[in-house]
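# Observations on the three-dimensional arrangement
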Amino acid sequence: MAGASDTEPVTTETPTPPPLKRRRKKSLVWEHFTIEAVSGGCTRACCKLCKQTFAYSSGSKIAGTSHLKRHIALGSCPKIKNQEKKMLALTSGSKTGETSCEPPPKRRYRMSGFANAAFDQDVSCVYLAKMIIVHDYPLHMVEHPAFISFSQSLQPRFKMVDFNAIEAEILAIYQKEKQSLMQVFGTMPGRVSLTIGLWTTSQTLGYVCLTGQFIDSDWRLHRRMLNFMMVSSPHSENALSEAIGVSLSDWNMKSKLFTITLDNDCSSHDIYSANLRDHLSNKNMLMLKGQLFVVRCFANILNVIAQDVIASIHGIIYNIRESVKFIKASPAREEKFAEIALQLEIPSTKTLSLDVTTQWNTTYLMLVAALEYKQAFTVLETCDDNYNEAPSTEDWKKVEIVCMYLKLLYDSANVIMAMADPTANIFFHEAWKIQLELTNATLNEDVLVSSFAKDMHEKFDKYWKDCSLVLAIAVVMDPRFKLKLVEFSFSKIYGADAVRYIKVVDDSIHELYLEYVAQPLPLTPAYEEQGEATTNNINGNENCSGSGNDNNRPATLVSNGDGLLDFDLYLSEMAVNQPTKSELEQYLEESLVPRIQEFDILNWWKLNNLKYPTLSKMARDVLAIPMSMVSTGSSIFASGTGSRVLDDYRSSLRPETVEALFCAKDWLQYLPTMAEPPSTVIVKMEL
């Protein structure tokens, strides 16, 4: 029966009408009231504390709960008043030296939206600062009269702070969150890879944004902004190198740098690469002689190529855009165009749409839809004197070829964006398919097809030559593919020369593995329980087996009483004399893991961490390489091909404030208090 769970037995003997089926009462006020039926089909709400009753319903009319909330929240209930007086007396007595045998039960009121709700000026200021950080509000909003009036209407006791105070609060939040993040980096088991983004301003100054990506001890992938620092010449390679050096010192990670991913255009990439490698190699131990050190952004190269191919037919795209505008200008034109498509029996279910010029995927979708209605555009031009933008047959052929290539890039970008954790291994699949398609297209007999392909291939081939090694090493760390996919794809791309390129990858993997073998292994919990001596033996055996060293001395044999001590000695000598396979060789020789849709590569390495203690260290660092600058949940299509521009307001702030705003916004999004809305509890008493 409705309301049965939040009512007490009815005290009157007057028969009550059959209850209506109402939904369960959700208001928290019913924790303090019960419903009692009275004569005439009416009900009253009875306070559980003071037993005072209030009108609740009269027939089908319900009085609501506002007056009940006021009775509890505003202290109108005499019982609550007495409890508060007793608490006040006890508190006053303790201050004058009086003591009580038993401390009274503490009642805490948590109220929201009422005049006497708990209020803390400092806490409110912190939340105001976080609101400004998270939502990119201007700091000067605290001085806007309308915002001040709005805040006063919510809480008259809140004293609005000025610009200097809110700036100090933002800097304090930044410092607090930075200390927490430094503790995380202090316990990081592997290396960190950086991404470098460039920002310019309307002035001659610029900013360098540094983000770190790593895999923690629980094999979870993380990306955190580290610095957003001002530099006088952001496009100077010296300034970039110095910014990276300052950041590594600031975060105590000079010896933990693995790779750097750059978000710059193709022409300056070589300059950055050479300078960074020379500048930082003297201060950091670069793995594999720096061959993996500088990585180019995969999303960036997709955008560069897509925008170039779109620009090659910009005149045709302009006509199509104007054609779509013409049709969508009035319902009558849309209806007329639909009739033409119906007469031509065009089977398309696509809808004409306009593009956003800064997002090439929308241009691609506009072209794909328009392409299916190309005949309708031609007919419309013959029957409507106001329309004369229909592309020619040759134009439509170019659009068709461009859409074929854009689809290749579009599908690849969507695959990357669909990944919850875009580890480095997934990028090889997309890159080698694009390289193969463009290489084959350059040999196409159709001159128009091959001409478009040659321009695209020239840029992507540069990316492939720079990054194919790091892409290949990353996919080898995927137990579903290992070296097999590299062998297969390289044979498609290089043909008879594939063996030479495969050997480069194979040699690099083994060389990189040996560099990890030379490093001491961390103690695992299983080993720590066995004592220091046992741990040293295990670590020593692992290092020797990984490096192929056979200088191990046989362990002391203990007879088990079966008279086969000589046999045990023979087995021990055989084990020492026979070369032991390294972890890498064991991993590569084992059969591939079945390819399933929901395969979690990080969880696989977590489960096989003890089996491959050294190789898992290498896999942790390699899989954490950010092959793309675009973070999870963001659009690849919206990312630019060059430097981003800082707005004039942010540019006018102090550099340390700008850094605090950008970094704190990135860090706060991972806090549970920012992900969940605040509680809307009305009144809650806790003993």
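Rules used in this analysis
Residues numbered from 1 in each chain as written. Predicted model: local features only at pLDDT ≥ 70, side-chain atom pairs only at ≥ 80, totals over all residues. Heavy atoms only, no water. Helix = DSSP H or I, 4+ residues; strand = E, 2+ residues; numbered from the N terminus. Contact = heavy atoms within 4.5 Å. Areas by Shrake-Rupley, 256 points an atom, 1.4 Å probe, with all protein chains shown as cover. Axes fitted to C-alpha atoms, helices over the stretch in contact; angles between N-to-C directions. Parallel < 35°, antiparallel > 145°, perpendicular 65-115°, else oblique. Left-handed = near helix turned anticlockwise from the far one by under 90°. Nonpolar A, V, L, I, M, F, W, Y, C, P; charged D, E, K, R; others polar. Salt bridge = Lys/Arg side-chain N within 4 Å of Asp/Glu carboxyl O. Buried < 20%, exposed > 50% of the residue type's maximum accessible area, 1.4 Å probe, protein only. pLDDT = per-residue confidence, 0-100. Phe/Tyr/Trp six-rings, centres within 6.5 Å; stacked < 30°, edge-to-face > 60°. Patch = residues over 30% accessible without salt bridge, like charges linked within 9 Å, V, L, I, M, F, W, Y side chains within 5 Å. Pairing = 2+ DSSP bridges. Expected span 1.5 Å × (residues − 1). 1 Å grid on protein atoms, 1.4 Å probe; cavity = no way out; pocket = protein on both sides within 12 Å on 5 of 7 lines; lining within 4 Å. Points joined across faces, edges and corners; volume = space filled by probe spheres on them.

Looking now at the overall build of the protein chain. Of regular secondary structure, the protein chain possesses 26 helices and 12 strands. Within the protein chain, contacts between residues at least 6 apart in sequence are counted, and of these 70% link residues at least 24 apart. For the protein chain, the accessible area works out to roughly 36700 Å², and carbon and sulfur atoms hold 54% of it.

With that settled, the discussion passes to the packing of helix α8 (residues 298-311) against helix α15 (residues 447-476). At a closest axis distance of 10 Å, the pairing of α8 and α15 adopts a crossing angle of 165°. Looking at the two axes, α8 sits roughly antiparallel to α15. Between α8 and α15 lies a crossing whose hand is right-handed. Residues F298, I301, V304, I305, D308 and V309 of α8 form the contact with α15, whose participating residues are F452, M456, K459, F460 and Y463. Its residues assigned to classes, the contact of α8 with α15 shows 9 nonpolar, no polar and 2 charged.

Another aspect to go through is the pattern of salt bridges. When their charged atoms lie close together, side chains carrying opposite charge are able to pair. In this structure the tally under the stated criterion is 23 salt bridges. Across the pair D136 and R650 runs a salt bridge whose closest N-O atoms are separated by 3.1 Å. In this pair, D136 is assigned in the loop between α3 (121-134) and α4 (145-154) and R650 in helix α24 (residues 648-652), connecting sequence segments 514 residues apart. Residue D136 is classed as partly exposed on the basis of its relative accessible area, which comes to 39%. K325 is paired through a salt bridge with E322; the nearest N and O atoms lie 3.4 Å apart.

With 77% of its residues at a pLDDT of at least 70, the protein chain reaches an overall mean of 82. Confidence over residues 1-14 falls short of pLDDT 50; this stretch has 18 contacts with residues more than four positions distant or in other chains. Contacts for the low-pLDDT stretch residues 678-687, under 50 throughout, to residues beyond four places or in other chains number 34 contacts.

With that out of the way, let us pick up the packing of aromatic side chains. Using the criterion set out here, one finds 32 aromatic pairs in the structure. Measuring from centroid to centroid gives 5.4 Å for Y174 and W667, while their planes differ by 10°, and the two rings are stacked. A residue pair is termed long-range when its members are at least 10 positions apart, and Y174 in helix α5 (residues 163-186) and W667 in helix α25 (residues 655-668) qualify at 493 residues. Classification of Y174 by relative accessible area gives buried; the value is 6%. For the ring pair F228 and F662, a centre distance of 3.9 Å and an interplane angle of 5° mean the geometry is stacked. With a gap of 434 residues between them, F228 in strand β8 (residues 221-231) and F662 in helix α25 connect regions that are remote in the sequence. With relative accessibility at 0%, the residue F228 sits in the buried group. Looking at F662, the relative accessible area reads 16%, which means it is buried.

It is worth spelling out the side chain of D621 at this point. Here D621 shows up in helix α23 (residues 613-623). If we skip the residues at most four places from it in the chain, D621 touches G190, R191, F258 and Y516.

So, about a nonpolar patch on the surface. A contiguous nonpolar surface patch, about 460 Å² in accessible area, is contributed by L564, F567, Y570, L571 and M574. The residue M574 is located in helix α20 (residues 565-577) in this model.

Burial analysis of β8 places 10 of its 11 residues in the buried class, the great majority of the element. In terms of strand pairing, strand β7 (residues 206-215) meets β8 through 10 bridges, oriented antiparallel. Pairing of F214 across the sheet is with H222, part of β8.

Let's shift gears to the sheet that holds strand β3 (residues 53-58). One open sheet accounts for 4 strands, arranged β1-β2-β3-β4; its pairing is antiparallel. Both edges of this open sheet fall to β1 (33-37) and β4 (61-62), since each of them pairs with a single strand only. Bridge count between strand β2 (residues 42-47) and β3: 5 bridges; the pairing is antiparallel. Counterpart to R44 in the pairing with β3 is A55. Along the sheet, helix α1 (residues 66-73) contacts β1, β2 and β3; its crossing angle with β3, the most-contacted strand, is approximately 165°.

Further remarks concern unusual backbone geometry. A positive phi is found at N252, a non-glycine position, where the angle reads about 55°. With respect to the helices and strands, N252 occurs in the loop between α6 (237-250) and β9 (257-262). In this structure, K289 takes a positive phi of about 55° despite not being glycine. Within the secondary structure, K289 is located in the loop between α7 (266-281) and β10 (294-296). For K289, a relative accessible area of 68% puts it in the exposed group.

This part covers α8. Three- or four-residue spacings in an α-helix give side chains the same orientation, since the helix completes a turn every 3.6 residues. Counted at 1.5 Å a residue, the expected span for α8 with its 14 residues is 20 Å, and the 20 Å between its end C-alpha atoms agrees. Taken together, the buried positions of α8 are F298, A299, N300, I301, L302, N303, V304, I305, A306, V309 and I310.

On to the side chain of H457. Considering the arrangement of structural elements, one finds H457 in helix α15. H457 gets classed as buried once you look at its relative accessible area, which sits at 17%. Discounting residues that sit within four places of it in the chain, H457 has contacts with Q435, L438, T439 and T442.

Following both chains from N to C, one finds α3 and α5 inclined at 80°, their axes separated by 9 Å at the closest point. With respect to their mutual orientation, α3 and α5 come out roughly perpendicular. Taking contact as the criterion, the partners of C125, V126, L128, A129, K130, I132 and I133 in α3 are, on α5, I166, E169, I170 and I173. Counted by class, the contact of α3 with α5 contains 9 nonpolar, no polar and 2 charged residues.

Okay, empty space enclosed by the protein next. In this structure the tally under the stated criterion is 2 cavities of 30 Å³ or more. Quantified by volume, the largest cavity comes out at close to 120 Å³. Around the largest cavity, the lining is made up of 16 residues, and of these I416, P422, V630, S631 and T632 lie nearest the centre.

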